[in-house]
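# Summary of the model geometry
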Amino acid sequence: LYDKFVEFAIREVEQHAQLVAFPFEEAFQTMLALDGKTTVYSNAYQSEKIRLFRIATIGSADSSIQLLPWGEEISTESLQFLSPIVIWTKCCSRDDVRKTLYLAFTDYLKAWLSLMDMAELATDPSEIAQNQDAQHRYLLWRATKDPGRPLLSKLLGDERCEKYISEFLFNGKGSLGRKGFLDFFPEYRLDDGSINRQRSIKGKSFPTRPWDKDGNFISG
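The following refers to the structure shown. Sequence order sets the numbering: in each chain, residues are counted from 1 along the sequence as written. With the structure being a predicted model, the display of local features is reserved for residues of pLDDT at least 70 and the display and counting of side-chain atom pairs for 80 or more, all residues being used for whole-chain, interface and lining totals. In computing side-chain properties, one takes all heavy atoms of the structure into account and sets aside hydrogens as well as water.

## Thoughts on the nonpolar core
Across soluble globular proteins, nonpolar side chains have a tendency to be buried as a group. By nonpolar core is meant a set of buried Ala, Val, Leu, Ile, Met, Phe, Trp, Tyr and Cys residues that side-chain atoms within 4.5 Å join together. Accessibility here uses a 1.4 Å probe with only protein chains present; expressed as a share of the type maximum, an area under 20% marks a residue as buried, one over 50% as exposed, and anything in between as partly exposed. Grouped together as the largest cluster of nonpolar side chains are 20 residues, with contacts concentrated most on L152, L156, Y164, I165, F168 and L169. Segments assigned H or I by DSSP are reported as helices when at least four residues long, segments assigned E as strands when at least two residues long, and all are numbered from the N terminus. When contributions to this core are tallied by element, the ones reaching two or more residues are β3 (39-46), α4 (125-145), α5 (149-156) and α6 (158-169). The biggest single contributor to this core is α6, with five residues. Aside from chain neighbours lying at most four places away, what touches L156 is M31, L34, V40, C161 and Y164. In terms of nonpolar packing, the next biggest core, distinct from the first, is built from 17 residues, Y45, I50, Y102 and M116 among them. By the convention used here, residues are in contact when the closest approach between their heavy atoms is within 4.5 Å.

As structure tokens, this is what we get:
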């Protein structure tokens, strides 16, 4: 179902960047789920301006897909990592995936690549360090609080799920810096020093799009 998404993405990115294979564990390329029916496919590339261009799709012979206005509720904490044009949705039919979602995906990728083309490589050491720290912060947040963890754990089992999240989906969380999750997000520290596993501790989430059509945040 998502093959044309992947084919378009690779073809489009190759027009803007010279991609080379990103080294990752071969076992991640094709992983059969515990149900014996579902397969997780992965691939990854890199270029001068792209640290990690990763692709992950889930295929099933009898998959059922849900979709396309705003997706499930998203926590207040997660909004800091999203732009107002984020594609956060669920599809209710395969036709929605093939048409509506695909068109949104192609427009989004083209806009992202245009921004990449305009970007200049940082040379100032302090700017590079700041960018790396911001990326590390994002990766630690996603690897710890990713909403896809329950699904991946169900498909792959806990051990493979955690390895896939750490080494592929959010590769770099252990190599881009020495800080840990609680260094960036101390409010999640429990009395015993462990991490509060709740996805949100602020108690507010957004069941509908929190931005207006012009990208302005809608408070309340």
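## Section: α6
Those residues of α6 that sit buried are C161, Y164, I165, F168 and L169. Down the axis, α6 shows its buried residues gathered within 115° of arc, on one side only. Across from the buried face of α6, at angles greater than 90 degrees, the exposed residues are D158 and E159. In this fold, the buried residues of α6 make contact with β2 (30-32), β3, β4 (53-59), α4 and α5. Think of it as the arc spanned by the lines of direction from the helix axis to the C-beta atoms.

## Section: the side chain of T144
Assignment of secondary structure puts T144 in helix α4. Look at T144 and you get buried, because its relative accessible area is 19%. Here T144 is in contact with R149, F181, I195 and R197, once residues within four sequence places are set aside.

## Some points on the packing of helix α1 (residues 3-14) against helix α3 (residues 94-118)
To get an axis, fit a line to the C-alpha atoms, keeping to the stretch in contact for a helix; angles then go from 0 to 180 degrees between the N-to-C directions. Axis separation between α1 and α3 bottoms out at 11 Å; the angle between their running directions is 20°. Relative to α3, the element α1 lies roughly parallel. Relative to α3, α1 is oriented so that their crossing is right-handed. Together, K4, F5, F8, A9, E12 and V13 of α1 and V97, R98, L101, Y102, F105, T106, L109, K110 and L113 of α3 make up the contact between the two elements. Here the word oblique covers every angle except those under 35 degrees (roughly parallel), over 145 (roughly antiparallel) and from 65 to 115 (roughly perpendicular). Crossings are classed by handedness, with left-handed meaning an anticlockwise turn of the near helix from the far one by less than a right angle and right-handed meaning a clockwise turn.

## Regarding the packing of aromatic side chains
How two aromatic rings sit relative to each other is given by the distance of their centres and the angle of their planes. Any two rings among Phe, Tyr and Trp, with Trp reduced to its six-membered ring, count as a pair given centres within 6.5 Å; such a pair is stacked if its planes are under 30 degrees apart, edge-to-face if over 60, and tilted if neither. Per the counting criterion, the structure on display carries 17 aromatic pairs. Between F5 and F105, the ring centres sit 5.3 Å apart and the planes meet at 45°, which makes this aromatic pair tilted. Taken together, the positions of F5 in helix α1 and F105 in helix α3 put the pair 100 residues apart, joining distant regions of the chain. Here F28 and Y164 contribute two aromatic rings whose centre-to-centre distance is 5.4 Å and whose plane-to-plane angle is 75°, an arrangement assigned as edge-to-face. Taken together, the residues F28 in the loop between β1 (20-21) and β2 and Y164 in helix α6 connect sequence positions 136 residues apart. Of the residues examined, F28 reaches a relative accessible area of 3% and is grouped as buried. Cluster of aromatic residues (ring-pair linked, three or more members): F81, Y138, W141, F181, F184, F185 and Y188. The rule is short: NZ of Lys or CZ of Arg within 6 Å of the ring centre and within 35 degrees of the ring normal puts a charge over the ring. A cation sits over an aromatic face here: K4 above Y102, 4.1 Å from the ring centre.

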